[in-house]
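# Inside the fold
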Amino acid sequence: YDWNIEVVDDSANVGRSSAIVAPAADQLYITYTDLSSQNLKFARKTSEGWDKSVIDNNGYARPYNSIAAFGSQVVYSLYYNGLNRDLRAATSTDGGVSWSSVLVDDAGDAGVYNSVAVPADSTDGQTAYASYYSSSSRALFFAKTTDGGATWVKSSVDSSNAGTYASIAALNGGRIVIAYYDSI
């Protein structure tokens, strides 16, 4: 392969825990942590370079985040808040220019090893699925939104000390697949 290396953000201490999605053949969206400010950031590839914005500037974003998109406008980012030890979901309906964030799970220490997906056959991007690990419950959880990320309903998937390194995929017809590590 001929690799093309580009600098997305040349600030100091950025890029840890990056996630990437290609909502269209010529588009790239990236989320990443800025270690200096502890903020979660977003970058969108444009013809002029990279447009960047801050998803969460509370100063406690930690190195667990994921990203999914529906078309070029609806973007979901899940991330772990290290101060409160909870899982948050941020949604953008304008291609990452502005973000709104909601709490998904604040029961104990929840939200590491998170993953988010939009169904492959979605027609409006209002539905998204998430998988994540709860360190306090030592369990794999699933969460779903059907209102564009305004609210999330969660449920336990596997409570047998399993669920780290989880990744989720949403197939056609409402089928959901979660791959994860089971330590037993």
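In this report, the structure presented in the accompanying data block is examined. Not measured: the values here are computed from a predicted model. (Residues numbered from 1 in each chain as written. Predicted model: local features only at pLDDT ≥ 70, side-chain atom pairs only at ≥ 80, totals over all residues. Heavy atoms only, no water.)

### Section: the overall build of the chain
- The helix and strand tally for the chain stands at 0 helices and 14 strands.
- Listing every helix and strand of the chain by position from the N terminus yields β-β-β-β-β-β-β-β-β-β-β-β-β-β.
- Its C-alpha atoms give the chain a radius of gyration of 16 Å, within 12% of the compact-globule value 16 Å for 184 residues.
- For the chain, the spread of C-alpha atoms along the principal axes amounts to about 50 × 40 × 35 Å. (Helix = DSSP H or I, 4+ residues; strand = E, 2+ residues; numbered from the N terminus. Rg over C-alpha atoms; globule rule 2.2 N^0.38 Å.)

### Thoughts on a nonpolar patch on the surface
- A surface patch of nonpolar side chains, amounting to about 600 Å² of accessible area, comprises Tyr1, Trp3 and Ile5.
- Positionally, Ile5 belongs in the segment before β1 (14-21). (Patch = residues over 30% accessible without salt bridge, like charges linked within 9 Å, V, L, I, M, F, W, Y side chains within 5 Å. Areas by Shrake-Rupley, 256 points an atom, 1.4 Å probe, with all protein chains shown as cover. Salt bridge = Lys/Arg side-chain N within 4 Å of Asp/Glu carboxyl O.)

### Some thoughts on the packing of aromatic side chains
- Under the criterion given, the structure shown has 11 aromatic pairs.
- Their ring planes at 65° and their centres at 5.2 Å tell us that Tyr64 and Tyr113 sit as a pair that is edge-to-face. With Tyr64 in strand β5 (residues 61-70) and Tyr113 in strand β9 (residues 110-117), this residue pair connects regions lying 49 residues apart in the sequence.
- Of the aromatic side chains, those joined through ring pairs into one cluster are Tyr64, Tyr80, Tyr113, Tyr133, Tyr165 and Tyr181. (Phe/Tyr/Trp six-rings, centres within 6.5 Å; stacked < 30°, edge-to-face > 60°.)

### Examining the sheet that holds strand β2 (residues 29-34)
- Taken in spatial order, the 4 strands make up an open sheet running β1-β2-β3-β4, and their pairing is antiparallel. Here the strands that pair on one side only, and so sit at the sheet edges, are β1 and β4 (49-56). Going from strand to strand, the sheet's axes swing by 25° on average, the running direction of each strand aside.
- The pairing of strand β3 (residues 39-46) with β4 spans 7 bridges and is classified as antiparallel. Counted as the bridge partner of Ala43 is Lys52 from β4. (Pairing = 2+ DSSP bridges. Axes fitted to C-alpha atoms, helices over the stretch in contact; angles between N-to-C directions.)

### Focus on the side chain of Thr145
- Among the secondary structure elements, Thr145 is positioned in strand β11 (residues 139-145).
- In terms of polar contacts, Thr145 uses its side chain to reach the backbone amide nitrogen of Gly149, at 3.0 Å.
- Leave out the neighbours within four places in its chain, and Thr145 touches Tyr76, Gln126, Thr127, Ala128, Ala150, Thr151 and Trp152. (Polar contact = N/O pair within 3.5 Å; in protein donor to acceptor, adjacent residues only side chain to side chain. Contact = heavy atoms within 4.5 Å.)

### A closer look at the nonpolar core
- Judged by nonpolar contacts, the single largest core of 17 residues is most densely connected at Tyr76, Leu78, Val116 and Trp152.
- Sorting the residues of this core by element identifies β6 (74-81), β7 (86-92), β9, β10 (128-134) and β11 as the ones contributing at least two each.
- One finds Tyr29, Leu40, Ile55 and Trp99 within the second-largest nonpolar core, a separate group that totals 12 residues. (Core = buried A, V, L, I, M, F, W, Y, C linked by side-chain atoms within 4.5 Å. Buried < 20%, exposed > 50% of the residue type's maximum accessible area, 1.4 Å probe, protein only.)

### Some words on the sheet that holds β11
- In spatial order, the strands read β9-β10-β11-β12; together these 4 strands make up an open sheet with antiparallel pairing. Where the open sheet ends on each side, the last strands, each with one partner, are β9 and β12 (153-158). Strand-to-strand twist in this sheet, taken as the mean axis angle between neighbours without regard to direction, amounts to 25°.
- Here β9 pairs with β10 via 5 bridges, running antiparallel. Residue pairing for β10: Ser115 is matched across the bridge by Ser131.

### Details of the environment of Thr145
- Using a relative accessible area of 0% as the deciding quantity, one classes Thr145 as buried.
- Expressed as a C-alpha distance, the spacing of Thr145 and Ile67, which sit 78 residues apart in the sequence, is 15 Å.
- A polar contact of 2.8 Å, which involves the side chain of Thr145, links it to the side chain of Asp147.

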